Amino acid sequence: VYWPLFVLIFYFICPIPHFIARRAGDDSDAASSACRELAYFFTTGIVVSAFGFPIILARVEAIKWGACGLVLAGNAVIFLTILGFFLVFGRGDDFSWEQW
């Protein structure tokens, strides 16, 4: 049963709102812009959907609950990795990791 692999789509589209907001919001130095807040909202919706999708698949018995648990654990690892990447490499400080 390959239904849980559709979660991979959420992994790929998760950073897209952030990239769009960063590209559109480069002009302003405001700490919080409406574009950035909208990107956070869409990213949160994508992450919540990625966690909800396997639960719904398990409820309709398309997958077993054990597979659901493994997908949820994988989601936690992947999304924490994506968050860590943006926290470490996303800042524009003097010691620029972005040059690597």
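Reference entry: report on the structure contained in this document. None of the values given here were measured: they were computed from a predicted structure.

**Focus: unusual backbone geometry**
Okay, step 1: Positive phi, close to 60 degrees, is recorded for glutamate 61, a residue that is not glycine.
Okay, step 2: In this fold, glutamate 61 is placed in the loop between α3 (34-59) and α4 (65-89).
Okay, step 3: Taking relative accessible area as the criterion, glutamate 61 reaches 70% and is therefore assigned exposed.

**Examining the packing of aromatic side chains**
Okay, step 1: Taken as a whole and assessed by the stated rule, the structure comprises seven aromatic pairs.
Okay, step 2: Judged by centre distance (6.0 Å) and plane angle (40 degrees), the ring pair of phenylalanine 51 and phenylalanine 79 falls under tilted. Here phenylalanine 79 lies in helix α4 and phenylalanine 51 lies in helix α3, a separation of 28 residues in the sequence.
Okay, step 3: Assessed through its relative accessible area of 28%, phenylalanine 51 is described here as partly exposed.
Okay, step 4: We classify phenylalanine 79 as buried; its relative accessible area is 10%.
Okay, step 5: An aromatic cluster is present here, built from Tyr11, Phe51 and Phe79 joined pairwise through their rings.

**Brief notes about the side chain of asparagine 75**
Okay, step 1: Looking at the secondary structure, you find asparagine 75 in helix α4.
Okay, step 2: Within the structure, asparagine 75 has its side chain in polar contact with the backbone oxygen of alanine 50 (distance 2.8 Å).
Okay, step 3: Not counting chain neighbours up to four residues away, the residues in contact with asparagine 75 comprise Val7, Tyr11, Ala50, Phe51 and Pro54.

**Description of a nonpolar patch on the surface**
Okay, step 1: A contiguous nonpolar surface patch, about 1200 Å² in accessible area, is contributed by Val1, Tyr2, Trp3, Leu5, Phe6, Leu8, Ile9, Phe12, Ile13, Ile16 and Ile20.
Okay, step 2: Broken down by secondary-structure element, the contributors of at least two residues to the nonpolar patch are α1 (7-13) and α2 (16-24).
Okay, step 3: Among the elements that line the nonpolar patch, the one with the most residues is α1, at four residues.
Okay, step 4: Mapping tyrosine 2 onto the fold places it in the segment before α1.
Okay, step 5: Using a relative accessible area of 67% as the deciding quantity, one classes tyrosine 2 as exposed.

Rules used in this analysis
- Residues numbered from 1 in each chain as written.
- Predicted model: local features only at pLDDT ≥ 70, side-chain atom pairs only at ≥ 80, totals over all residues.
- Heavy atoms only, no water.
- Helix = DSSP H or I, 4+ residues; strand = E, 2+ residues; numbered from the N terminus.
- Buried < 20%, exposed > 50% of the residue type's maximum accessible area, 1.4 Å probe, protein only.
- Phe/Tyr/Trp six-rings, centres within 6.5 Å; stacked < 30°, edge-to-face > 60°.
- Polar contact = N/O pair within 3.5 Å; in protein donor to acceptor, adjacent residues only side chain to side chain.
- Contact = heavy atoms within 4.5 Å.
- Patch = residues over 30% accessible without salt bridge, like charges linked within 9 Å, V, L, I, M, F, W, Y side chains within 5 Å.
- Areas by Shrake-Rupley, 256 points an atom, 1.4 Å probe, with all protein chains shown as cover.
- Salt bridge = Lys/Arg side-chain N within 4 Å of Asp/Glu carboxyl O.

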